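An overview of the molecular structure
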2 protein chains.
Amino acid sequence: MSENAKDQLAKGTWLTYRPEIKIMDCTIRDGGLINDHKFEDGFVKAVYKTCVAAGIDAMEFGYKADKKIFAPGQFGDWKFCDEDTLRRIVDDNPTDLKIAVMADAERTNYHSDILPKSESVIDIVRVATYVHQIPTALEMIKDAHDKGYRVTCNLMAVSTIQENELGEALEVLSNSPVCAIFIVDSFGAYYSEQIRALALKFLRAVEGKGIEIGIHAHNNQMLAYANTLEALIFGANRIDATMNGMGRGAGNCPLELLLGFLKNPKFQLRPVLECIQEHFLPLENAGNMEWGYRIPYMITGQMNQHPRSAIKMRAGKNPDDYVAFYDQMIEEE
Amino acid sequence: MSENAKDQLAKGTWLTYRPEIKIMDCTIRDGGLINDHKFEDGFVKAVYKTCVAAGIDAMEFGYKADKKIFAPGQFGDWKFCDEDTLRRIVDDNPTDLKIAVMADAERTNYHSDILPKSESVIDIVRVATYVHQIPTALEMIKDAHDKGYRVTCNLMAVSTIQENELGEALEVLSNSPVCAIFIVDSFGAYYSEQIRALALKFLRAVEGKGIEIGIHAHNNQMLAYANTLEALIFGANRIDATMNGMGRGAGNCPLELLLGFLKNPKFQLRPVLECIQEHFLPLENAGNMEWGYRIPYMITGQMNQHPRSAIKMRAGKNPDDYVAFYDQMIEEE
């Protein structure tokens, strides 16, 4: 019966594992959006060591932001990920962990700030783009690829892209030298069945091209982990997650939950728990950084809106006035 | 292609709604497991009024516990749900909201404590049973049905039941006078694909019997809402949820998330947000009651264990020692 048809479509069950699944820890990069990338070296080093101990495949440290657009004095070092910044933590990175940075379309001086691979400890350049920036993104992808990096593309705010535009975007990206294209649910707006449909659409677009599909979920509707599993089950092999779910607003798919699901014995949960206990709880308790599911983020997620208004509200005078925020959002819609 | 087959199997999409879907608010009943059912009347009344304003179909207040087993001095009134206790809040319940109580197999003196319907403001008796208690549960179901109630059965800890036992349980329950059978993921151990398979199994068992399938999820792996949606999409029409996710341990499927998904205009989100803001945040901030996703509950959920060890750990001297708890659980497994 048709139930079986669905099972055939799914690429594995919770009892199996696919060795081709690779996890990217985005804790420092996405978490940096909470604190303007001002992490202590000790914290970044703890996350790095934990990734290595836990068998994580890659770790994203931050952005390659253009210093002409973003003043270095106003941001922490992880906004720019200079070579010496990275090497303070990873030295020559004598591990199997791949080092990744994000390069935002239109916010990166990629010609000069992305060095030739031979001069860099970076392994992967992740080009992040909104759909209207794709021409720029394509140039950046080519540039980084020609310099010797593995390049992926994070297609942001997919939930705001029209069907035909998305088709065109996938067409050009699947003919670029990326090794993976990520579905980015920037607003945490998607339900699992939409993620499934998207994963299958993305997979069809890259069929036979040797390009993997990835998923980057946000937890506005408490679905980051569930949606990540849905994409994974239907064939996404590149998975973004963060320790303790740290990330802007409602945060991301928690790495510790993901490791509980994946059955590949190379992944270890215990080092992640240790790191959260020793480094994340103190940070959370200090009260300067807030992340994780909360009702204002739910409201923006349900309305398919950028979380910026919810983040602003949480940082303001009435962080618990859910009703006023809801009324305001309804009014503005 | 087979993708379409799956879509045909699903009973509606996120854009449609099925009027036959009914929501049970379990806030006071499941939340009562955190504080020995010692809620102030004002809080219970606020939840009741909110359910009415939000268009919720039914509200569960607590248990019908046997006073010979549970000493009334040690528990709040909602452990027993005497008629005068309920009427303090709902009077004669001049609303469309149905009043429900839970009757645990082997912990309820149902012969005397469940009054004839004509003498009670209760509409629905929810018989909760572990699989080995089903003979007792069947007697309780018959008793409550004969007294004039709508009766449902909550089949607890489904994740610990062997396949053939589950088949037998569904066989006898589907031939009893219940109007709904609930899948209860007591340990928060299930992934969505397991919930889907269970929902379809339960639905097949009751086919043509006029019995609905329900879902009661726990949030140990942050999947309570996702799993609830999965069951709902595949045909479960009876949905348990709680305001702010309040419930034992990791809590339940948050009602406010569920209302964001359901497109039936009879449901209203705003009153729920108002109630959470005015009544739940103060309770949470007072620090006497803890609920919601936390890593120790994740660990018991991942291991398909009762959350009691995690609850005990959170109430103990080292509530944040995740690693010690993990090591202990691994050792005991």
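On a predicted model such as this, the values are computed, not experimentally measured, just so you know.

What follows covers the nonpolar core. Of all hydrophobic cores here, the largest spans 220 residues; its most connected members are V127(A) and V127(B). What V127(A) contacts, discounting residues up to four positions off in sequence, is A103(A), A105(A), A137(A), M140(A), I141(A), A144(A), V151(A) and C153(A).

What follows concerns the domain arrangement of chain A. Residues and elements named next belong to chain A. On domain assignment, one finds that chain A holds domain 1 (2-286) and domain 2 (295-332). Its C-alpha centre places domain 1 at a distance of 26 Å from the equivalent point of domain 2. Counting residues at the interface gives 9 residues for domain 1 and 11 residues for domain 2. Residues of the side of domain 1 that touches domain 2, tallied by class, amount to 3 nonpolar, 5 polar and 1 charged.

The next point concerns the packing of helix 3 (residues 41-54) of chain A against helix 11 (residues 270-286) of chain A. Residues and elements named next belong to chain A. Viewed as axis vectors pointing N to C, helix 3 and helix 11 meet at an angle of 165 degrees, and their least axial separation amounts to 9 Å. Taken together, the axis directions place helix 3 and helix 11 in an arrangement best described as roughly antiparallel. Considering the relative orientation of helix 3 and helix 11, their crossing is right-handed. In this structure, helix 3 contributes F43, A46, V47, T50, A53 and A54 to the contact, and helix 11 contributes P271, V272, C275 and H279. Classifying every residue of the contact of helix 3 with helix 11 gives 8 nonpolar, 2 polar and no charged.

Now for helix 13 (residues 308-315) of chain B. All names here are of chain B. Taken residue by residue, helix 13 has A310, I311 and M313 as its buried positions. Mapping the buried residues of helix 13 onto a view down its axis gives an arc of 160 degrees, with all of them on the same face. More than 90 degrees from the buried face of helix 13, the exposed residues found are R308, K312 and A315.

All names here are of chain B. One non-glycine residue, C81, lies in positive phi territory at about 50 degrees. Tracing the sequence through the fold places C81 in the loop between strand 2 (58-63) and helix 4 (83-90). Take C81: there are 26 C-beta atoms within 10 Å of it, and that puts it in the buried class. You will see that D91, though not glycine, has its phi angle at about 55 degrees, which is positive. Looking at the secondary structure, you find D91 in the loop between helix 4 and strand 3 (98-104). Looking at D91, the number of C-beta atoms within 10 Å reads 10, which means it is exposed.

Residues and elements named next belong to chain A. Overall, parallel pairing links the 8 strands, which are arranged 1-2-3-4-5-6-7-8 in a closed barrel. Between one strand axis and the next, the sheet turns through 25 degrees on average, direction left out of account. For strand 5 (residues 150-155) and strand 6 (residues 180-184), the ladder comprises 4 bridges, and the chain directions are parallel. In the strand pairing of strand 6, C153 is matched with I181.

Cut-offs applied
Residues numbered from 1 in each chain as written. Chains lettered and ligands numbered in written order. Predicted model: local features only at pLDDT ≥ 70, side-chain atom pairs only at ≥ 80, totals over all residues. Core = buried A, V, L, I, M, F, W, Y, C linked by C-beta atoms within 7 Å. Buried ≥ 20, exposed ≤ 12 C-beta atoms within 10 Å, placed from the backbone. Contact = placed C-beta atoms within 7 Å. Domains from an automatic or database assignment. Nonpolar A, V, L, I, M, F, W, Y, C, P; charged D, E, K, R; others polar. Axes fitted to C-alpha atoms, helices over the stretch in contact; angles between N-to-C directions. Helix = DSSP H or I, 4+ residues; strand = E, 2+ residues; numbered from the N terminus. Parallel < 35°, antiparallel > 145°, perpendicular 65-115°, else oblique. Left-handed = near helix turned anticlockwise from the far one by under 90°. Arc of directions from axis to C-beta. Pairing = 2+ DSSP bridges.

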